[in-house]
Amino acid sequence: MNSIFKPNVPSKMKLILVAGARPNFMKIAPLIRAIQVHNEQTGGAQKMGHILVHTGQHYDIQMSDIFFAELGIPAPDINLEVGSGSHAEQTARVMMAFEPVCIREKPDWVVVVGDVNSTMACTLVASKLGVKVAHVEAGLRSFDRTMPEEINRIVTDSLAELLLTPSADADENLKREGIPASKIRLVGNIMIDTLVANLNQARRSCLADTLDIKPKTFVYVTLHRPSNVDDVKSLILIMSQLESLAHRIPVVFPVHPRTRNMMKLAGLSIQNGANLKLLDPIGYHDSLSLTEKAKFVLTDSGGLQEESTYLGTPCLTLRPNTERPVTVIVGTNKLTRPDSLADDIEEVMQNRRAPGRIPPYWDGHTAERIVKILRQLTADS
């Protein structure tokens, strides 16, 4: 296969941007926009060539043409189509498929985002080939090595040449692990770039009107982690709390098919009702709209912890730990457990939570800072 770098974009700099799953594309999209702006504003060899590689790690029904169009994300230049499997199988397939791409394209940088298996696998390949790796969202730690994502973060950060962090606590995590300060750059949260770029469209969402709910008079729920939905005891307790809460305030809960199936297996015959609104999965704009309008959010999602902090909506995160502690320290987030959920819900319902604030550099300009740093480091090398 010939090089996919476009000959009509002369450049001294070549990037491979890697995405392994739907959330990765939402972090890559602002980078592509920032590169396009840079190329429009500069001339000739100062332009940045790039290709977008989708490893195909996850098949996601929401990875449709509409998803790419709504978020302004170009279709991937290359899809490795590695598919699912055990962590070892999937990591090996990504490495085997990505290595020829790296060898053929000879990029200056491989840019990886987040903490999925593809992030680590492509980092390993690039590092062994002597290609520099930039990790966006570096330094996040849950300090729970039973989470596969934590292993991916640690390995990726130990090998990457450039660690692009979302918050100051991530910088400190890296320094404690012996990463030289010269490799670390605090650039801010790239997911907030996507949020800012899509907020006006999200505010045009009609979902709340369709559901006949008013701002700050409902709770928005998302749950998908195995510790919550695969454990029958936890799932029964959580759903009992949601049913009880729905007697006081409408609860909007888009239910993933897998979660819905686990509810059936657990013998839960909970029906969609006037106040407990069990929906099919929803898109990003609808989710942002509900996050901004909700009285509070109950979730186990990493992204919603960040989005609710930016939007100023109280958030209860149903997890024992978080790799985004800044959302707890300065934001609107609080960790909770199934056995303490009732008390934490009551605290939010009674408005006893202090308001949070937006962390530094969560301003929608993270991608611009990253492009500037990559341009500078490549020029200096």
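One structure accompanies this document, and this report is about it. (Residues numbered from 1 in each chain as written. Predicted model: local features only at pLDDT ≥ 70, side-chain atom pairs only at ≥ 80, totals over all residues. Heavy atoms only, no water.)

**Some remarks on the overall build of the chain**
Here is the rule: Secondary structure elements follow DSSP: runs of H or I no shorter than four residues count as helices, runs of E no shorter than two count as strands, and numbering proceeds from the N terminus. This radius of gyration counts C-alpha atoms alone. The globule rule is 2.2 Å times how many residues there are, raised to the power 0.38. The classification of residues rests on relative accessible area computed with a 1.4 Å probe and restricted to protein chains. Under 20% of the type maximum is buried, over 50% is exposed, and intermediate values are partly exposed. Any pair of residues with heavy atoms lying within 4.5 Å of one another is described as a contacting pair.
Secondary structure assignment for the chain yields 16 helices and 13 strands. Taking 381 residues into account, the globule formula puts the C-alpha radius of gyration at 21 Å, and the chain, at 21 Å, falls close to it. Principal-axis analysis of the C-alpha atoms gives the chain an extent of 65 × 40 × 40 Å. Counting all 381 residues of the chain, 55% fall into the buried class. Partitioning the contacts of the chain with sequence separation of at least 6, the portion at a separation of at least 24 is 70%.

**Considerations on the pattern of salt bridges**
What counts here: Every case where a carboxyl oxygen of Asp or Glu lies within 4 Å of a side-chain nitrogen of Lys or Arg is listed as a salt bridge.
Inspection of every chain in the model, using the stated rule, returns 19 salt bridges. For R141, the salt bridge is made with D157, and the minimal N-O distance between the two is 2.9 Å. Residue R141 is found in the loop between strand 5 (132-136) and helix 5 (148-159), and its partner D157 is found in helix 5; the two are separated by 16 residues along the sequence. For D157, a relative accessible area of 1% translates into the label buried. The partner of E323 in a salt bridge is R153, with the nearest N and O atoms 3.7 Å apart. Placement of the pair is E323 in the loop between strand 12 (315-318) and helix 14 (326-329) and R153 in helix 5, with a sequence separation of 170 residues. Residue R153 is classed as buried on the basis of its relative accessible area, which comes to 2%. Among the charged side chains, a network of salt bridges with common partners joins D115, E150, R153, E306, R319, E323 and R324.

**Focus on the side chain of Q241**
One can find Q241 in helix 10 (residues 232-246). In this view, Q241 contacts L341 and A342; residues no more than four positions away in its chain are not counted.

**Points about the state of the cysteines**
Here is the rule: Our working definition of a disulfide is a cysteine sulfur pair at a distance within 2.5 Å.
Following the criterion strictly, the structure yields 0 disulfides and no others. The closest cysteine sulfur to the non-disulfide-bonded C102 is located on C122, 7.6 Å from its own sulfur. Its relative accessible area of 0% is what places C122 among the buried residues.

**Structural notes on helix 11 (residues 257-265)**
Helical periodicity: at 3.6 residues per turn, an α-helix aligns residues three or four positions apart in one direction. Formally: Directions from the helix axis toward the C-beta atoms define the arc.
Three or more residues of helix 11 are buried, namely T259, M262 and M263. For helix 11, the angular spread of buried residues about the axis comes to 105°, placing them on one side. What points out from helix 11, more than 90 degrees from its buried face, is the exposed set P257, K264 and L265. Looking at the residues trailing helix 11, positive phi occurs at G267, about 80°.

**Observations concerning helix 5**
Basically, it comes down to this: Expected helix span is taken as 1.5 Å per residue step, with the number of steps being one fewer than the number of residues.
Between its first and last C-alpha, helix 5 extends 17 Å over 12 residues, near the 16 Å set by a 1.5 Å rise per residue. For helix 5, the full list of buried residues reads E150, N152, R153, I154, T156 and D157. Where helix 5 is buried, its residues touch strand 4 (109-113), helix 4 (117-128), strand 5, strand 6 (162-165) and helix 6 (168-176).

**Digging into the sheet that holds strand 2 (residues 48-54)**
Counted only if it meets this: DSSP-based pairing: two strands are paired if at least 2 bridges between them are found. Angles shown run from 0 to 180 degrees and are taken between the N-to-C directions of axes, each axis being a line fitted to C-alpha atoms and, for helices, limited to the stretch in contact.
What the 7 strands build is an open sheet, ordered 3-2-1-4-5-6-7; its pairing is parallel. Here the strands that pair on one side only, and so sit at the sheet edges, are strand 3 (78-79) and strand 7 (184-186). For strand 1 (residues 13-19) and strand 2, the ladder comprises 7 bridges, and the chain directions are parallel. Bridge pairing links M13 to M48 in strand 2. Most of the contacts of helix 6 go to strand 7, to which it runs at about 170°, and overall it touches strand 6 and strand 7. Those strands touched by helix 16 (residues 366-380) are strand 1, strand 2, strand 4, strand 5, strand 6 and strand 7, and its axis lies near 160° from that of strand 6.

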